[in-house]
Amino acid sequence: MTLLDRAIVRLLPAVPKPVVKFVSSPYIAGPALADGVLVVRRLNREGKLATIDVLGEEITREAEARAITQEYCTVFEAIESEGLDSNASVKPTALGLDLSYELCLENLETLLRAAATNENFVRIDMEDSSTTSDTLRLYHDLRARGFDNVGIVLQAYLRRTLDDIRTLADVQPNVRLCKGIYVEPSSIAFTDYDAVRASFVSCLDALLDQGSYVGVATHDEWLIASALQRVADLEPLEYEFQMLLGVREQRADELVAGGHRLRVYVPYGRYWYEYSLRRLQENPAMAGTIARATVGRVLGRS
Ligand SMILES: Cc1cc2nc3c(=O)[nH]c(=O)nc-3n(C[C@H](O)[C@H](O)[C@H](O)COP(=O)(O)OP(=O)(O)OC[C@H]3O[C@@H](n4cnc5c(N)ncnc54)[C@H](O)[C@@H]3O)c2cc1C
């Protein structure tokens, strides 16, 4: 990241909203469910699966958490009525984890029941490390209550993850494995790029060894190549690759053409602005694009 990129990333919140919208448009379906439906339909036509994410995290009022839960129930209805091949991904804080563990558990149960009516599936996203233990506890509690249509996310950058995999072994979890996106201290997370990669491979091996279904969520070519070697003896329905909407689409097409299941994470919702800022701050390569778009807009005005 150049000094200019760093400066632009810090200044992102001051960037005009239309510019953020323009730059982030490939990564977000749009503000409404209908936008998400359109994108998923296109992805399905391309032979890709989807997971729909209703934008909204760190909810501060119970009513908001319940409203997002209801929105997800509508998502499952739309998936069914539109005949889409998609499940849903949900952030525990969007369902009220910051307010109370019980509220979040109750909302997740509502969601899992709505999904189960159409034999669909809910993936619980993993957020920052302050939520890891509670999120794993939610998963354990849901499984103990008999819900099988639920999966978890594990972050390879956390030093605890291999132990978590061992602890989860007896329930054979359906796991999305990713590097982890939040900034965490080196006391609990690998911060070196190669160390995160090495941990990802160790976690993937451990999960496959214990018979878990794994969603390999990465755009990192080195990791995709390592994963391809590791799944070579598996049947196509025994694993999948996952990518974010708008990222490395050509590589996604190649994986589909190679006979692999490929799922795309499709976010939509009225909180698109907050989500975009976070994603753009995480992806400094976009900073130059934002700078060009901002300059273009300013010049266009004058
Ligand atoms: C389907 C999916 C779900 C995820 N869910 C979670 C989750 O629940 N919790 C969590 O902490 N993290 C989640 N992540 C994010 C993940 O942890 C990583 O932060 C993110 O995927 C970037 O890591 P990478 O493995 O792609 O490797 P990187 O080394 O970061 O990326 C490799 C290359 O991919 C491209 N690239 C990567 N990300 C972007 C981007 N946003 N925009 C444009 N290009 C990009 C770049 O060319 C980059 O050089 C998810 C990722 C995916 C794909």
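Here the structure is a predicted model, which means the values were calculated and not measured.

Caption draft 1: Examining the sheet that holds strand β8 (residues 262–268) more closely. A barrel is described by the order of its strands in space; here eight strands give the closed sequence β1-β2-β3-β4-β5-β6-β7-β8, paired in parallel fashion. Between one strand axis and the next, the sheet turns by 30 degrees as a mean value, whatever way the strands run. Judged from the three bridges that link them, strand β2 (residues 86–90) and strand β3 (residues 122–124) form a sheet pairing that is parallel. Note that in β3 the partner of Ser89 across the bridge is Arg123. In the packing of helix α5 (residues 101–117) onto the sheet, the strands contacted are β2, β3 and β4 (150–155), and the crossing angle to β3 comes to about 150 degrees.

Caption draft 2: Spotlight on the packing of aromatic side chains. Counting across every chain of the model gives two aromatic pairs. Geometrically, the ring pair formed by Tyr239 and Phe241 is edge-to-face, given 6.1 Å between the ring centres and 90 degrees between the ring planes. Per residue, the accessibility class of Tyr239 equals that of Phe241, and both read buried. Where Trp272 meets Tyr273, the ring centres are 5.8 Å apart and the plane angle is 85 degrees; that geometry is what we call edge-to-face. In terms of burial, Trp272 and Tyr273 fall into one category: buried. Of note, Lys21 hangs over the ring of Trp272, and the distance from its end group to the ring centre comes to 5.7 Å.

Caption draft 3: Representation of the side chain of Asn120 in the model. Residue position: Asn120 is located in the loop between α5 and β3. A polar atom in the side chain of Asn120 sits 2.9 Å from the backbone oxygen of Ser86. When neighbours within four sequence positions are excluded, Asn120 is seen to be in contact with Phe76, Ile79, Ser86, Asn87, Ala115 and Asn149.

Caption draft 4: Quick look at unusual backbone geometry. One non-glycine residue, Glu119, adopts positive backbone phi at about 50 degrees. Along the chain, Glu119 turns up in the loop between α5 and β3. For Gln172, which is not glycine, the phi torsion reads 40 degrees and is therefore positive. In this structure, Gln172 sits in the loop between α7 (161–168) and β5 (175–178). The class of Gln172 is partly exposed, set by a relative accessible area of 46%.

Caption draft 5: Looking closely at the site of the ligand. In the region of the ligand, 22 residues are neighbours, and Met126, Gly180, Tyr193, Thr218 and His219 sit closest. In this structure, a nitrogen atom belonging to the ligand sits 2.8 Å away from a main-chain N or O atom of Met126. At a separation of 2.6 Å, an oxygen atom of the ligand approaches a polar backbone atom of Gly180. Taken by itself the ligand offers 920 Å² of open surface, and the protein chains cover 78% of this.

Caption draft 6: Spotlight on the pairing of strand β6 (residues 214–217). Residues Val214 and Val216 point to one face of β6 and Gly215 and Ala217 to the other, with burial holding for every one of them. Here three bridges tie β5 to β6, and the two strands are oriented parallel to one another. For Arg176, the partnering residue across the bridge sits in β6 and is Gly215. Bridge analysis of β6 against strand β7 (residues 239–244) gives four bridges, and the strand direction is parallel. For Ala217, the partnering residue across the bridge sits in β7 and is Gln242. Each parallel crossover has a hand, and the one from β6 via helix α9 (residues 221–230) to β7 is right-handed.

The rules behind these values
- Residues numbered from 1 in each chain as written.
- Predicted model: local features only at pLDDT ≥ 70, side-chain atom pairs only at ≥ 80, totals over all residues.
- Heavy atoms only, no water.
- Pairing = 2+ DSSP bridges.
- Helix = DSSP H or I, 4+ residues; strand = E, 2+ residues; numbered from the N terminus.
- Axes fitted to C-alpha atoms, helices over the stretch in contact; angles between N-to-C directions.
- Contact = heavy atoms within 4.5 Å.
- Phe/Tyr/Trp six-rings, centres within 6.5 Å; stacked < 30°, edge-to-face > 60°.
- Buried < 20%, exposed > 50% of the residue type's maximum accessible area, 1.4 Å probe, protein only.
- Lys NZ or Arg CZ within 6 Å of the ring centre and 35° of its normal.
- Polar contact = N/O pair within 3.5 Å; in protein donor to acceptor, adjacent residues only side chain to side chain.
- Near = heavy atom within 4 Å.
- Areas by Shrake-Rupley, 256 points an atom, 1.4 Å probe, with all protein chains shown as cover.
- Right-handed = clockwise from strand over helix to strand, strands pointing away.

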